[in-house]
Amino acid sequence: MTMTTDLDQMRGQTLAAVENADSLEALDAVRVAALGKAGSITALLKSLGGMSPDERLIEGPRIQRLREAVSDAVAARRHALDRAVLDARLAAETLDMTLPAEPAPQGSIHPVSQVMDELAEIFADMGFAVATGPEIEDDWHNFSALNIPETHPARAMHDTFYLAGDHARPMVLRTHTSPVQIRTMMTQAPPLRIIAPGRTYRSDSDATHTPMFHQVEGLVIDKGITLGHLKWTLETFLKAFFERDDIVLRLRPSYFPFTEPSAEVDIGYTLQGGKRVIGGGGGGGNAGGWMEVLGSGMVHPKVIAACGLDPDAWQGFAFGCGIDRLAMLKYGMDDLRAFFDGDIRWLKHYGFSCLDVPTLSGGVGA
């Protein structure tokens, strides 16, 4: 029997064994028997060293073609067996789409986001729209249009984050959301009722201040607006927010460049177990006292004029407060810095379910 006949027989037998392998284990056994270290085809390759150069020239390519044919057949059969195993597994597996997701859903709504939703719900009921604006502002919108003089301490580098670069006007990270009021008055015709919630930035950091914080401001521009409208609006808002009917307000004279007259808004509290509880109070002593929560006032005529409106025809009021502070007062946090630490334990404790959507009918709180 010639070498060629032996190779043809080995080829036929090996390829048949590969084709008849009915499992990955059986296929691997055929592969090892043919191509392993002690395999039959490996032995033929080793025998090339004992042949003459002329014999190697003839038999070498034949053995190599046999090796490649068996290798290709093994790979094709492996792919077919893998596919068969996968098909069988897919046919046997089922997924019940009615079961709850596993593991249980994680995460929560941050208190700041929750309070923003609460504010939007309350003020929407009073006819206010939500307005937004850029967090990087020029100093005209952030200061000048709001009647803040260039010598005002708020413009100082230690209080405001200025942006480097060659700009037509100095650029800052907005120190309040009041520029949104300016942009709204310049682009929309009165009457106007808006709130402007968002991030603001000031160079300050301690238990009650952070370099970035959240603020909401409100603006009403109409004809015949008085301080009485302002007080009613704030009283209605605070009663709905704290979900108490015994809210007591006190408007205390103050000064803001963009309002005249200006007023700090204090809210009464009572002492219960040594803790301040919003509602009632206002009498001082152990019975309770006053707590500042808002700044407000009638929009300064210069601000109205800077926005292209006639201050003799249009009047308005504005107010503003920290959203983070409102969350602290309502939900009992005592350190503002924890709002931005990203501590999962804090978030689990103070966070809200995604289903706790604030509604006036169901209650804006948790």
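In case you missed it, the structure is sitting above this.
Notes on the structure follow.

What follows deals with the overall build of the protein. When its secondary structure is counted, the protein shows 11 helices and 11 strands. Computed over its C-alpha atoms, the radius of gyration of the protein comes to 39 Å, more than 25% above the 21 Å expected for a compact globule of 366 residues. Principal-axis analysis of the C-alpha atoms gives the protein an extent of 115 × 55 × 40 Å. Counting every position in the protein, which comprises 366 residues, the buried fraction comes to 39%. Pairs at least 24 residues apart make up 66% of the contacts formed inside the protein by residues separated by at least 6 positions. With an accessible surface of roughly 19,900 Å², the protein has 54% of that area assigned to carbon and sulfur atoms.

Attention now goes to the environment of Asp245. Take Asp245: it is sitting in the loop between helix H8 (227–242) and strand S7 (249–256). With 112 residues separating them along the chain, Asp245 and Gly133 place their C-alpha atoms 34 Å apart.

With 40 residues, the main nonpolar core has Leu119, Phe237, Leu238, Phe241, Ile267, Leu294 and Phe339 as its most contacted residues. Contacts of Phe237, omitting those with residues within four sequence positions, involve Leu119, Ile122, Phe123, Met126 and Leu326. Grouped together as the second largest cluster of nonpolar side chains are 22 residues, Phe143, Ile221, Val299 and Trp314 included.

As a further point, take unusual backbone geometry. Residue Pro191 follows Pro190 across a cis peptide bond; omega there is 5 degrees. Within the element layout of this structure, Pro191 appears in the loop between helix H7 (178–187) and strand S5 (192–201). Positive phi values are uncommon outside glycine, yet Asn147 reaches one of about 65 degrees. Secondary-structure assignment places Asn147 in the loop between helix H6 (139–142) and strand S3 (162–163). In the Ramachandran plot, Glu243 falls in the positive-phi region, its phi being about 55 degrees despite a non-glycine side chain. With respect to the helices, strands and loops of the structure, Glu243 is situated in the loop between H8 and S7. Residue classification places Glu243 among the partly exposed residues on the basis of a relative accessible area of 43%.

Below, the discussion takes up the packing of aromatic side chains. In total, this model carries 11 aromatic pairs according to the counting rule given. Geometrically, the ring pair formed by Phe123 and Phe319 is stacked, given 5.6 Å between the ring centres and 20 degrees between the ring planes. With Phe123 in helix H5 (residues 111–125) and Phe319 in strand S11 (residues 315–322), this residue pair connects regions lying 196 residues apart in the sequence. Ring geometry for Phe237 versus Phe241: centroids 5.9 Å apart, planes at 40 degrees, classification tilted. Residue Phe237 and its partner Phe241 are located together in helix H8, separated by 4 residues, close to a single helical turn. Both residues of the pair, Phe237 and Phe241, belong to the buried class. Of the aromatic side chains, those joined through ring pairs into one cluster are Phe123, Phe128, Phe237, Phe241, Phe242, Phe317 and Phe319. One residue, Lys330, lies across the ring of Phe241, its end atom 4.5 Å from the ring centre.

So, about the packing of helix H2 (residues 24–35) against helix H3 (residues 40–47). Close contact between H2 and H3 brings their axes to 3 Å; oriented N to C, the two are set at 15 degrees. Our classification of the angle between H2 and H3 gives roughly parallel. On the side of H2, the interface is formed by Ala33, Ala34 and Leu35, while H3 contributes Ser40, Ile41 and Thr42. Of the residues that constitute the contact of H2 with H3, the class distribution is 4 nonpolar, 2 polar and no charged.

Moving on, we come to the pattern of salt bridges. Scanning the entire structure with this criterion turns up 15 salt bridges. The residue Glu135 makes a salt bridge to Arg199 at a minimum N-O spacing of 3.3 Å. You can see Glu135 sitting in the loop between strand S1 (129–130) and strand S2 (136–138) and its partner Arg199 sitting in strand S5, a full 64 residues away along the chain. A salt bridge links Asp138 to Arg169, with the nearest nitrogen and oxygen atoms 3.7 Å apart.

Another aspect to go through is helix H4 (residues 53–92). Owing to its 3.6 residues per turn, the α-helix brings residues three or four apart onto one side. With 40 residues, H4 ought to run about 58 Å at 1.5 Å a step, and its terminal C-alpha atoms sit 58 Å apart, in line with that. Of all the bends in H4, the greatest reaches close to 30 degrees and is centred on Glu59; the proline Pro61 follows between one and four positions later. Every buried residue of H4 is listed here: Glu59, Gly60, Ile63, Leu66, Ala69, Val70, Val74 and Leu81.

Rules used in this analysis
- Residues numbered from 1 in each chain as written.
- Predicted model: local features only at pLDDT ≥ 70, side-chain atom pairs only at ≥ 80, totals over all residues.
- Heavy atoms only, no water.
- Helix = DSSP H or I, 4+ residues; strand = E, 2+ residues; numbered from the N terminus.
- Rg over C-alpha atoms; globule rule 2.2 N^0.38 Å.
- Buried < 20%, exposed > 50% of the residue type's maximum accessible area, 1.4 Å probe, protein only.
- Contact = heavy atoms within 4.5 Å.
- Areas by Shrake-Rupley, 256 points an atom, 1.4 Å probe, with all protein chains shown as cover.
- Core = buried A, V, L, I, M, F, W, Y, C linked by side-chain atoms within 4.5 Å.
- Phe/Tyr/Trp six-rings, centres within 6.5 Å; stacked < 30°, edge-to-face > 60°.
- Lys NZ or Arg CZ within 6 Å of the ring centre and 35° of its normal.
- Axes fitted to C-alpha atoms, helices over the stretch in contact; angles between N-to-C directions.
- Parallel < 35°, antiparallel > 145°, perpendicular 65-115°, else oblique.
- Nonpolar A, V, L, I, M, F, W, Y, C, P; charged D, E, K, R; others polar.
- Salt bridge = Lys/Arg side-chain N within 4 Å of Asp/Glu carboxyl O.
- Expected span 1.5 Å × (residues − 1).
- Bend = angle between axes of the 7 residues up to and from the residue.

Interpretation note: all reported values are geometric properties and have no functional meaning in isolation.
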